Amino acid sequence: MCGGAKYVDPTKKEWKIYFPYEKAAMPVDRGDGQVEWVRWGKRSEENLPGFLNGGWARQKTIESGWWDKYQPEFVSLAVQAFMEKEGNPTTDPEHPNRKPTRKSHWFDIEPGKAIEALIAHVEGDKRLYVVTVPTPAEYAWLEHDRWPKIV
């Protein structure tokens, strides 16, 4: 479902962005090397009326017109990789008393391709939502039903 992303800026500085961080923002490719950072989704604890909780937009809900009320602006993310976590938590055999965790996996984005996102607008504010599609069969082992849309 894309819980994180990696962006390497023109100075070669690497940024890792994770949705759970309350101030997470994604780099949007505005063309000609221009990048705009846009806040990624809405967390349930934020007092931000009008926006949907979460950071993802299913392709089928976009096609149904559900997102139209947000005047969606479709954009490409300027990221080079994204992160998915396995669906089932695992226990570290060396530390059996620790809380089980889900293993993270990073996936590179082919040059010339990008993750599609939409920017939703509500009363002068905006938030970014990653567009998702069904997970490709070859990644079914992750046990997620959604995958970022690559364009």
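One structure accompanies this document, and this report is about it. (Residues numbered from 1 in each chain as written. Predicted model: local features only at pLDDT ≥ 70, side-chain atom pairs only at ≥ 80, totals over all residues. Heavy atoms only, no water.)

The number of helices and strands found in the chain is one helix and eleven strands. Counting from the amino terminus, the chain carries its helices and strands in the arrangement β-β-β-β-β-α-β-β-β-β-β-β. Relative to its length of 151 residues, the chain is compact, with a C-alpha radius of gyration of 16 Å against a globular reference of 15 Å. The principal-axis extents of the C-alpha atoms in the chain amount to approximately 50 × 35 × 30 Å. Out of the 151 residues in the chain, the part that is buried amounts to 38%. Sequence separation of 24 or more characterises 58% of the internal contacts of the chain that already satisfy a separation of 6 or more. For the chain, the accessible area works out to roughly 9,000 Å², and carbon and sulfur atoms hold 50% of it. For the chain, the separation between the mean place of its 22 positive charges and that of its 23 negative charges on side chains is 4 Å. (Helix = DSSP H or I, 4+ residues; strand = E, 2+ residues; numbered from the N terminus. Rg over C-alpha atoms; globule rule 2.2 N^0.38 Å. Buried < 20%, exposed > 50% of the residue type's maximum accessible area, 1.4 Å probe, protein only. Contact = heavy atoms within 4.5 Å. Areas by Shrake-Rupley, 256 points an atom, 1.4 Å probe, with all protein chains shown as cover. Lys, Arg positive; Asp, Glu negative; His and termini not counted. Charge placed at Lys NZ, Arg CZ, Asp CG, Glu CD.)

Interpretation in functional terms is not warranted from these geometric data alone.
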